[in-house]
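Per-entry structural report
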Amino acid sequence: MLNNKEDLSREQALELLEDFAKRWLAHDGLWFQSIEQKRGIEEAIEHDIEAWRNFTVLEAKRIKEFLQLPDQGGLDALSRALNFRLYAFVNEQSIERPHERTLIFKMTNCRVQSARQRKQMAAFPCKPVGEVEYSLFAKTIDPRISTRCLVCPPDAFPGDFYCGWEFTLNV
């Protein structure tokens, strides 16, 4: 019988970690929908951008501390940090390193977008939020990293991933 977190097996702890990430994502979606219903999607996106402007920095700082990443850890540090975001526990992602100063991050399965597709809904237009979110996350890991969106809704899906981001280490 489970009575507290100390009773969890490793497998149960990993399962719970994934469930926590799903709960967080559900809360994020419900929060957004509440504003969207009362104020419209444009205002909801404005508030979402502001929330992510703060949350992504907080998340990056905590991950950086947890992984004990150096202040100028470059793209290696960013690659590791991306694997510890809450998204990494609920979505499928890939990381490519075509060049020592370039990292390509792709969200190959996004719970939000795939759910909308299943429901035959339009893609969630997350690009303006993602531009703030990914650039600030990367800059918090290493201020020398710049971010460029390759594709993100409302852009059309390229077929094998939902969004893609290019990170460049400026030295």
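Preceding this paragraph is the structure being described.
Given the structure is predicted, the values throughout are model-derived calculations rather than measurements.

1. So, the pairing of strand β2 (residues 102-109)
By the criterion of burial, β2 is predominantly enclosed, with six of the eight residues buried. As paired strands, strand β1 (residues 92-99) and β2 are joined by six bridges and run antiparallel to one another. Its bridge partner being in β2, serine 94 is matched across the sheet by lysine 106. Following β1, the chain reverses through two residues before pairing antiparallel with β2. With six bridges joining them, β2 and strand β4 (residues 163-169) adopt antiparallel strand pairing. Bridge pairing in β4 places lysine 106 opposite glycine 164.

2. Brief notes about the nonpolar core
Residues Leu78, Phe105, Phe137, Ile141, Trp165 and Phe167 are the most contacted members of the largest nonpolar core, which totals 40 residues. Broken down by secondary-structure element, the contributors of at least two residues to this core are α1 (10-39), α2 (41-67), α3 (74-82), β2, α5 (127-141), β3 (145-151) and β4. Considering every element that reaches this core, the biggest residue donor is α2, with seven residues. Excluding anything up to four places from it in sequence, phenylalanine 137 contacts Thr56, Glu59, Ala60, Ile63, Leu78, Ala81, Leu82 and Arg85.

3. Observations concerning the packing of α3 against α5
Their axes nearest at 9 Å, the elements α3 and α5 cross at an angle of 125°. Comparing their axes, α5 and α3 come out oblique. At the point where α3 passes α5, the crossing takes the right-handed sense. Contacts between α3 and α5 involve Ala77, Leu78, Ala81 and Leu82 from the former and Phe137, Ala138 and Ile141 from the latter. Looking at the contact of α3 with α5 residue by residue, the class counts come to seven nonpolar, no polar and no charged.

4. A short note on the side chain of serine 79
Tracing the sequence through the fold places serine 79 in helix α3. Residue classification places serine 79 among the buried residues on the basis of a relative accessible area of 18%. Among all residues touching serine 79, those that are not within four sequence positions of it are Ile95 and Leu103.

5. Brief notes about unusual backbone geometry
For the peptide bond that leads from proline 153 to proline 154, omega is 25°, which places it in the cis range. Summarising the element assignment, proline 154 is placed in the loop between β3 and β4. Positive phi values are uncommon outside glycine, yet glutamine 120 reaches one of about 55°. Checked against the element boundaries, glutamine 120 lands in the loop between α4 (111-118) and α5. Of the residues examined, glutamine 120 reaches a relative accessible area of 75% and is grouped as exposed.

Quick notes on the rules
Residues numbered from 1 in each chain as written. Predicted model: local features only at pLDDT ≥ 70, side-chain atom pairs only at ≥ 80, totals over all residues. Heavy atoms only, no water. Buried < 20%, exposed > 50% of the residue type's maximum accessible area, 1.4 Å probe, protein only. Helix = DSSP H or I, 4+ residues; strand = E, 2+ residues; numbered from the N terminus. Pairing = 2+ DSSP bridges. Core = buried A, V, L, I, M, F, W, Y, C linked by side-chain atoms within 4.5 Å. Contact = heavy atoms within 4.5 Å. Axes fitted to C-alpha atoms, helices over the stretch in contact; angles between N-to-C directions. Parallel < 35°, antiparallel > 145°, perpendicular 65-115°, else oblique. Left-handed = near helix turned anticlockwise from the far one by under 90°. Nonpolar A, V, L, I, M, F, W, Y, C, P; charged D, E, K, R; others polar.

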